Amino acid sequence: MRFKIVTLFPDFFESPLKSGLLGRAIEAGIVSVDIVNIRHFSEDRYNKCDDYPYGGGAGMVLMPGPLSKALDSTVSAGARVIMTSPGGRLLDHEMVVELAKNDEVCILCGHYEGVDQRIIDRYVDYEVSIGDYVLSGGEYAALVIIDAMARRVPGFMSNAESLAEESFEDDLLEYPHYTRPSSFQGMDVPEVLLGGDHAAVSRWRHGEREEKTRKVRPDLYKRYLMRKILGE
Ligand code: ADE
């Protein structure tokens, strides 16, 4: 999977792309991330990339000239272009699964008050928000999207099982985990996990997942129940 990030702040990505599973996957060549600095495509000698909005209003708008050049320099034919924006469609598990079917995804990091609409009309396939709150820049959202997608690439995770059992795969959140010691500050690991009865462990875990989802995410739980009723 190839990611292209089009951004005003390339340094932002330095450490996250070197760390953890994502860093390891990039080093192993399972995913690649190219960073494109919009400022390199500025059309004036002050490296200006934003300007006042036509019609007035607060904030600045990213100019179409540098953005189109930056995108043309990196987006391959057939690649999907995402723009991060609080005004986009909310990212969820289904969207991550869909997006991860693409070999190449370019993420344009939105900034300031916005991006000239003509760039969105010409280049952008999906405007994506990672939640109903406003971030100080689209770079935070871009990292979230990349990580969520990259971990679906075969070989990204060492344990093939973990994708199937994790939260959201079947509208249920994860069950609680425990490790040694079996007793910690007066709190004991549930008896069933110590007994070695795998079927009983599975039943217990499923029950815990249902209970947690019902309490914490009634919206997901409703969907889970609907699917169960429909036998999906
Ligand atoms: N840029 C600012 N806020 C954002 C959000 N919630 N999601 C995606 N991009 C953003």
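The residue count restarts for each chain, going from 1 along the sequence in the order it is written. Side-chain atom pairs in this predicted model are given and counted only at pLDDT of 80 or more, local residue features only at pLDDT of at least 70, and totals for whole chains, interfaces and linings cover all residues. Remark: hydrogens and water are excluded; side-chain values derive from all non-hydrogen atoms of the structure.

## Let's talk about the overall build of the chain
Here is step 1 of the chain: Numbering goes from the N terminus for both helices and strands, where a helix is a DSSP run of H or I of at least four residues and a strand is a run of E of at least two. From N to C terminus, the chain includes eight helices and 10 strands.
Here is step 2 of the chain: The C-alpha radius of gyration computed for the chain amounts to 22 Å, which surpasses the reference 17 Å derived for 232 residues by more than 25%, pointing to a less compact arrangement than a globule.
Here is step 3 of the chain: When the backbone C-alpha atoms are referred to their principal axes, the chain occupies close to 70 × 40 × 40 Å.
Here is step 4 of the chain: Whether two residues are in contact is decided by their heavy atoms, any of which lying within 4.5 Å being enough. Considering only contacts in the chain between residues 6 or more positions apart, those separated by 24 or more positions represent 73%.
Here is step 5 of the chain: Method for areas: the Shrake-Rupley scheme with a 1.4 Å probe, in which residue coverage is limited to the protein chains shown. In the structure as shown, the chain presents an accessible area of about 14000 Å², 51% of it carried by carbon and sulfur atoms.
Here is step 6 of the chain: Neither His nor the chain ends is counted toward charge; the positive residues are Lys and Arg and the negative residues Asp and Glu. Lysine's charge is taken at NZ, arginine's at CZ, aspartate's at CG and glutamate's at CD. In the chain, 27 side chains carry a positive charge and 37 a negative one; their mean positions are 1 Å apart. Both definitions apply: the radius of gyration is a C-alpha atom measure, and the globule rule equals 2.2 Å times residues to the power 0.38.

## A closer look at unusual backbone geometry
Here is step 1 of the chain: That bond from Arg-180 to Pro-181 is cis: its omega, 5°, falls within 30 degrees of zero.
Here is step 2 of the chain: Relative to the elements of secondary structure, Pro-181 occurs in the loop between helix 6 (161-165) and strand 9 (183-184).
Here is step 3 of the chain: Even without being glycine, Asp-171 reaches a positive phi, approximately 70°.
Here is step 4 of the chain: By the secondary structure assignment, Asp-171 is in the loop between helix 6 and strand 9.
Here is step 5 of the chain: The backbone of Gln-185 sits at a positive phi, close to 45°, despite the residue not being glycine.

## Digging into a nonpolar patch on the surface
Here is step 1 of the chain: Among the surface-exposed residues, Leu-225, Met-226, Ile-229 and Leu-230 lie close enough to one another that they form a single nonpolar patch of about 430 Å² accessible area.
Here is step 2 of the chain: Topologically, Leu-225 is positioned in helix 8 (residues 218-230). Two joining distances apply to patches: 9 Å for like charges and 5 Å for nonpolar side chains (Val, Leu, Ile, Met, Phe, Trp, Tyr), and every residue must have over 30% relative accessible area and no salt bridge. A pair is scored as a salt bridge if a Lys or Arg side-chain nitrogen falls within 4 Å of a carboxyl oxygen belonging to Asp or Glu.

## Here we look at the site of the ligand
Here is step 1 of the chain: Put simply, a residue is near a molecule or strand once any heavy atom of it comes within 4 Å of that molecule or strand. Taken together, Thr-84, Ser-85, Pro-86, Val-128, Ser-129, Ile-130, Gly-131, Tyr-133, Val-134, Leu-135 and Ala-141 are the residues near the ligand.
Here is step 2 of the chain: Between Ser-85 and the ligand, the recorded distance is 3.2 Å, taken from a backbone N or O atom to a nitrogen atom.
Here is step 3 of the chain: Counted as a polar contact is a pair of N or O atoms within 3.5 Å, where, for protein atoms, one must be capable of donating a hydrogen and the other of accepting one, and residues adjacent in sequence contribute only when both atoms are in side chains. Tyr-133 is positioned with one of its backbone polar atoms (N or O) 2.8 Å from a nitrogen atom of the ligand.
Here is step 4 of the chain: Protein chains bury 96% of the 260 Å² of accessible surface belonging to the ligand in isolation.
Here is step 5 of the chain: Of all the secondary structure elements, the ones that give two or more residues to the shell around the ligand are strand 5 (80-90) and strand 8 (126-129).

## What about the sheet that holds strand 2 (residues 32-37)?
Here is step 1 of the chain: Note: two strands are recorded as paired if DSSP finds a minimum of 2 bridges between them. Within the open sheet, the five strands sit side by side as 2-1-6-5-8. Their pairing is parallel. The open sheet terminates on both sides in strands that have one partner only, identified here as strand 2 and strand 8. Neighbour to neighbour, the strand axes of the sheet diverge by 30° on average, direction disregarded.
Here is step 2 of the chain: The pairing of strand 5 with strand 8 spans five bridges and is classified as parallel. Paired with Arg-89 across the bridge in strand 8 is Val-128.
Here is step 3 of the chain: Each axis is a line fitted through C-alpha atoms, and for a helix only the stretch in contact is used; angles between axes span 0 to 180 degrees, taken between their N-to-C directions. Across the face of the sheet, helix 2 (residues 64-74) comes into contact with strand 1 (2-7), strand 2, strand 5 and strand 6 (104-109) while running at roughly 160° to strand 6.

## Structural notes on the packing of aromatic side chains
Here is step 1 of the chain: Aromatic pairs are defined between Phe, Tyr and Trp rings, using the six-membered ring for Trp, whenever the two ring centres lie within 6.5 Å; interplanar angles under 30 degrees are classed as stacked, those over 60 as edge-to-face, and all others as tilted. Here the structure, examined in full by the defined rule, presents three aromatic pairs.
Here is step 2 of the chain: With 4.8 Å between their ring centres and 85° between their planes, Phe-12 and Tyr-140 make a pair best called edge-to-face. With a gap of 128 residues between them, Phe-12 in the loop between strand 1 and helix 1 (20-28) and Tyr-140 in helix 5 (residues 138-150) connect regions that are remote in the sequence.
Here is step 3 of the chain: Partly exposed describes any residue whose relative accessible area lies between the buried limit of under 20% and the exposed limit of over 50%, with all areas from a 1.4 Å probe on protein chains only and scaled to the type maximum. Phe-12 sits in the partly exposed class, given a relative accessible area of 26%.
Here is step 4 of the chain: Each residue in the set Phe-12, Phe-13 and Tyr-140 is aromatic and connected to the rest through ring pairs, giving one cluster.

## Looking at the side chain of Ser-68
Here is step 1 of the chain: Looking at the element boundaries, Ser-68 is found in helix 2.
Here is step 2 of the chain: Residue Ser-68 is classed as buried on the basis of its relative accessible area of 19%.
Here is step 3 of the chain: Setting aside chain neighbours within four positions, we find Ser-68 in contact with Ile-119 and Tyr-123.

## Description of the domain arrangement of the chain
Here is step 1 of the chain: Once the domains are mapped, the chain shows domain 1 (2-150) and domain 2 (165-230).
Here is step 2 of the chain: Each domain's limits were defined by an automated method or a database of domain assignments. Spacing between the C-alpha centres of domain 1 and domain 2 amounts to 36 Å.

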